Amino acid sequence: MPLTINYTAPQGVGYDIDGQLLDIRFFYYGGFDADLHFTNDCEIANVNLQTLDSISYTDGHVYQISPLGSVMMDSLTTHTGAELIMPVRIEGSGFDSITQFIYRIAYDTTILDYSAITEKAVTGIEVTDTNGILTTLWSDTLNPLNFTSMDTLFDLHYLVVGDTITSIEFLTGSKVYNNYVLVASEYVNGYVDFEYYLNLDTDPLNSGYPSGEGYYMPQTAVSVSTSPEPGYTFQNWVVNDSIISSDSAFMFTMTSYDISLTANYIPNDYYLTLLVEPPGTGLTSGMGMYFVDDTVTITATPVTGYQFDYWHDGDSVVSTEPEYTFTMPGHDDTLTAFFSVQVFTINAEPNNPEHGSVEGGGDYEYGDTATLTATPEDGFNFIVWTEEGEVVSYEQEYIFEVTSDRDLVAHFKEVVDCAGPVALSTSNITLTSADLRWVASGDENEWEILWDTAGFDTLSQGNFVGPLDTTYYFLDGLEPYTLYDFYVRAVCNDSVSSVWSGPETFSTLYVYIDPLRETPALKIYPNPAQDELFVSTNSKQHYRIEKLLLFNMQGNIVLSEGRKNSSLVKLKLTSLASGLYYLKVIFNNNTSAGKTIIIR
């Protein structure tokens, strides 16, 4: 701050009598050296107001007197983003009765962002923050404090926003009063140095274990090292794609900025061996060389007569699915596909348990020989073995190789002069036609058919066809989506016929069933099913099931259930073989359809 002094000597006197023009008095606060400077526009002129040249101006200097105590801050190390806590401490022989202090503390706002002050030895500090200058004022004239021993007055809190060395400085105007008297004090500024972050990565990610990451001062020698994950080999350390070391452990000189080092690895390749147990029971694919962490998909395919069980690795079952996907480990590996022989169920039943019995049904392994024996009761003859309506053998002892589940029926017929046919069945059903089939019980060679919609009265209704000299008949002109019954009898001579065999019920319904006909109001579960099947409608919409019909793929009704005014019906499936079935549901005078699969 400039001070301007104008002085004119009395007339006739060309100089000051005692050599002093004037005395300038300043109030010295103490604690800082100071300089007094003559500015460039100082001048002395004669009576004629002519400026005198070659006049020397000598500046003055104010020196600190011996301080009676010190107010000091620390030298700290920090980094960008950290909180910096700078303590302000006090100590001095002349600080035995402190009554007031005022500190003007400057900081660089581009490096530090002031946030708070924490009072320590004193309370009631007034703080003002103006453009990077903190003014802290404390006064207590009634309770002076003794700071002849070092104590912390307060802590200053800053958020570090820059990354450059800086200082926190006491400015002139900082004062300490002891017993109400300003005392000469020494002020020690705070120094803030920066450390920088050393980041360590691996490529590929997680291919190794680097150590040495952290904050360090510039020019610090840092021990950096890395060890590989199983399955990887170390290559080099790089910075910005430039190799700085080919040693997994080396000394790195820390920079004056954050820096990232990357340890490069290459994956090792390993061999995957696939085995089959028992040998020869299946095939595998996927064996070969892989890099560690590769995604590997292997498959197991059983040979005929066997089924896949599980994949085994070491002592553990790792998958029960024939297609198994996993990540290649960091070592050669061996997986074994286990297979077992398929077991099939042969169901063998008589068409009527009062007419005869059968033996030989049960579980067989693939390739076993099954022997089924049909034994008629007295007064009955064995006629034929059938499967799904088709004749498979006319021998009472039916011998075959087991290659699948089978459902076989032994047909018996009462011994009479003219025996009716057995094994009535349908096939090749369309919307308007069906093939009707049956098996002769003896030497009969002529037959008659009676057919109509299901439940027709055989005494007053029905369509008559005959005589026929074949055991099949193509029936045409049927209505779509309709249930039908048919009966067959043998004609032995002009005056003798057998009793009617039947009825055999079939439907032209199943051929039109598709997902578009499935109504949102209908739920069929579980699907696939095993022993039980539940069919439900939306009870909130007051749908009530009136009747359920279950058809096999030949269009034959295999299960019928009537349940008035119910929104949930349970069907027992234990008597049905595996396969696809069609369901017709009648509710609220509407008809809906669905499909289900039965598995065994």
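Residues numbered from 1 in each chain as written. Predicted model: local features only at pLDDT ≥ 70, side-chain atom pairs only at ≥ 80, totals over all residues. Heavy atoms only, no water.

(A) Here's a closer look at the state of the cysteines. This model, assessed by the stated rule, comprises one disulfide. Two residues, Cys418 and Cys492, share a disulfide whose sulfurs are 1.8 Å apart. Torsion about the S-S bond of the Cys418 and Cys492 cystine: about 95°, corresponding to right-handed handedness. Here Cys492 lies in the loop between β45 (483-490) and β46 (501-507) and Cys418 lies in the loop between β39 (406-414) and β40 (422-427), a separation of 74 residues in the sequence. Exposure remark for Cys492: the relative accessible area of 33% places this residue in the partly exposed category. (Disulfide = S-S within 2.5 Å. Helix = DSSP H or I, 4+ residues; strand = E, 2+ residues; numbered from the N terminus. Buried < 20%, exposed > 50% of the residue type's maximum accessible area, 1.4 Å probe, protein only.)

(B) Focus on the packing of aromatic side chains. Summed over all chains, the structure comprises 30 aromatic pairs. Considering the side-chain rings of Trp237 and Phe250, the 6.0 Å spacing of their centres and the 50° angle between planes classify their relative orientation as tilted. Here Trp237, found in strand β20 (residues 232-239), pairs with Phe250, found in strand β22 (residues 249-253); they are 13 residues apart in sequence, far enough to count as distant. Every member of this aromatic cluster is reached through a ring pair, and the members are Phe101, Tyr103, Trp138, Phe154, Phe170 and Tyr187. Positioned above the aromatic ring of Phe400 is the side chain of Arg406, whose terminal nitrogen or guanidinium carbon lies 4.6 Å from the ring centre. (Phe/Tyr/Trp six-rings, centres within 6.5 Å; stacked < 30°, edge-to-face > 60°. Lys NZ or Arg CZ within 6 Å of the ring centre and 35° of its normal.)

(C) Broad picture of a nonpolar patch on the surface. Residues Leu3, Ile5 and Ile24 make up a contiguous nonpolar surface patch of roughly 290 Å² in combined accessible area. By the element assignment, Leu3 lies in the segment before β1 (34-36). (Patch = residues over 30% accessible without salt bridge, like charges linked within 9 Å, V, L, I, M, F, W, Y side chains within 5 Å. Areas by Shrake-Rupley, 256 points an atom, 1.4 Å probe, with all protein chains shown as cover. Salt bridge = Lys/Arg side-chain N within 4 Å of Asp/Glu carboxyl O.)

(D) Structural context of the sheet that holds strand β48 (residues 532-537). In space, the three strands of this open sheet follow the order β47-β48-β51, with antiparallel pairing throughout. Each edge of the sheet is formed by a strand with only one pairing partner; in this case those strands are β47 (522-525) and β51 (568-572). Across the sheet, the mean angle from the axis of one strand to that of its neighbour is 15°, orientation sign disregarded. In the sheet, β47 pairs with β48 via four bridges, with the strands oriented antiparallel. Looking at β48, one finds that Lys523 is bridged to Ser536. (Pairing = 2+ DSSP bridges. Axes fitted to C-alpha atoms, helices over the stretch in contact; angles between N-to-C directions.)

(E) Summary view of the pairing of strand β49 (residues 545-551). Of all the seven residues making up β49, five are buried; the element is thus mostly covered by neighbouring parts of the structure. In this structure, β49 lies alongside strand β52 (residues 579-587), joined through six bridges in antiparallel fashion. Note that in β52 the partner of Lys547 across the bridge is Ile586.

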